[in-house]
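The primary structure of each chain is shown beneath.
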Amino acid sequence: MFILILGAPGSGKGTQGKILAERLGVPKITTGDLIRKAMKDGTPLGRDFQKYYDEGKLVPDSIILGIIKDELVRPEAKNGAILDGFPRTAAQAELVDRTLAQRGQRLNHILLMDVTEDELVRRMSARARVEGRTDDSPEAIANRLQVYQRDTAPLIAHYAQRGIVHRVPGTGTVDEIAGEIKRIIGR
């Protein structure tokens with residue numbers, strides 16, 4: 001089962017994706033985690049990522065597409081994966097669809113984490129204090145939310161045509177949200 005979790009930065013994609021991946025026994029593919037690991041390891045790609053990350057900008061498709069394709073063709077993802085926050089653009093969505101179709105697979109569910117902008121800002125500001133993430137500065141938060149609305153929100157319409165988009169109320173306890181996701185996907 002392939003599930004994409006969409007939502008603005010701070011909407012709970014990472015938290016719910018981890019819970020869902022563990023419950024279904026499939027890998028969680030998160031561009032943010034892959035990018036942060038590359039930066040932490042100081043790889044050449046990681047240094048390229050750093051400049052985008054610090055400004056709260058999306059890493060260009062040309063860089064991200066190869067990384068995600070590599071993750072999707074790994075043996076661990078043979079029977080499914082949770083895609084956390086990727087694809088974010090139409091070009092990325094086409095790559096995911098093509099990559100899965102080559103294996104006779106497709107996205108089964110799109111979970112849209114629905115959280116108000118005020119709550120998103122509150123969460124990311126709190127996360128910045130706790131984790132020290134440079135992409136959670138006030139300026140980066142404003143930019144990330146703007147980029148999300150411009151580039152990612154249109155994907156909802158793209159996937160809605162297939163009838164696989166499910167809005168998930170992203171407020172409440174972690175367990176309440178996980179329970180709603182379980183109810184939606186039936187597992």
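Right above here is the structure, for reference.
Residues numbered from 1 in each chain as written. Predicted model: local features only at pLDDT ≥ 70, side-chain atom pairs only at ≥ 80, totals over all residues. Heavy atoms only, no water.

Attention now goes to the pattern of salt bridges. In total, this model carries 11 salt bridges according to the counting rule given. Close ionic contact of Arg123 with Glu119 constitutes a salt bridge, the shortest N to O distance being 3.0 Å. You can see Arg123 and its partner Glu119 sitting in helix α6 (residues 117–131), 4 residues apart, about one turn around the helix. You can call Arg123 partly exposed: its relative accessible area is 21%. (Salt bridge = Lys/Arg side-chain N within 4 Å of Asp/Glu carboxyl O. Helix = DSSP H or I, 4+ residues; strand = E, 2+ residues; numbered from the N terminus. Buried < 20%, exposed > 50% of the residue type's maximum accessible area, 1.4 Å probe, protein only.)

If you trace the backbone, Asp41 turns up in helix α2 (residues 31–41). Sequence separation between Asp41 and Ile68 is 27 residues; the distance between their C-alpha atoms is 18 Å.

A word on the pairing of strand β3 (residues 81–84). Burial along β3 is two-sided: Ala81 and Leu83 and Ile82 and Asp84, pointing in opposite directions, are all buried. Where strand β1 (residues 2–6) meets β3, 4 bridges bridge the pair, whose relative direction is parallel. Across the sheet, the residue bridging to Phe2 is Ala81, located in β3. Where strand β2 (residues 28–30) meets β3, 3 bridges bridge the pair, whose relative direction is parallel. What sits directly across from Ile29, in β3, is Leu83. (Pairing = 2+ DSSP bridges.)

A word on the side chain of Gln16. Structurally, the position occupied by Gln16 is in helix α1 (residues 13–24). We classify Gln16 as buried; its relative accessible area is 3%. A polar atom in the side chain of Gln16 sits 3.3 Å from the backbone nitrogen of Ala178. Those residues in contact with Gln16 that lie beyond four places of it in its chain are Ile5, Met113, Val174, Ile177, Ala178 and Ile181. (Polar contact = N/O pair within 3.5 Å; in protein donor to acceptor, adjacent residues only side chain to side chain. Contact = heavy atoms within 4.5 Å.)

Moving on, we come to the sheet that holds strand β4 (residues 107–114). The strand order across the open sheet built from 5 strands is β2-β3-β1-β4-β5, with neighbouring strands paired in parallel fashion. For this open sheet the edge positions go to β2 and β5 (165–169), each flanked by a neighbour on one side alone. Shown here is a sheet whose adjacent strand axes are inclined to one another by a mean of 25 degrees, direction ignored. Strand contacts of α2: β2 and β3, with the helix running at about 65 degrees to β2, the strand carrying the most contacts. (Axes fitted to C-alpha atoms, helices over the stretch in contact; angles between N-to-C directions.)

Before going further, it helps to examine helix α5 (residues 90–101). Under the 1.5 Å per step criterion, the end-to-end length of α5 is 16 Å for 12 residues, consistent within 8% with the ideal 16 Å. Buried residues of α5: Gln92, Ala93, Leu95, Val96, Asp97, Thr99 and Leu100, and no others. If you follow the buried residues of α5, they end up packed against β1, α4 (61–72), β3, β4 and α7 (138–160). (Expected span 1.5 Å × (residues − 1).)

Moving on, we get to the packing of α6 against α7. At their nearest, the axes of α6 and α7 sit 10 Å apart, and the two run at 135 degrees to each other. As far as their axial angle goes, α7 and α6 are oblique. Where α6 crosses over α7, the handedness of that crossing is right-handed. On α7, the residues touching Glu117, Leu120, Val121, Met124, Ser125 and Arg127 of α6 are Ile141, Arg144 and Leu145. Class assignment for the residues of the contact of α6 with α7 results in 5 nonpolar, 1 polar and 3 charged. (Parallel < 35°, antiparallel > 145°, perpendicular 65-115°, else oblique. Left-handed = near helix turned anticlockwise from the far one by under 90°. Nonpolar A, V, L, I, M, F, W, Y, C, P; charged D, E, K, R; others polar.)

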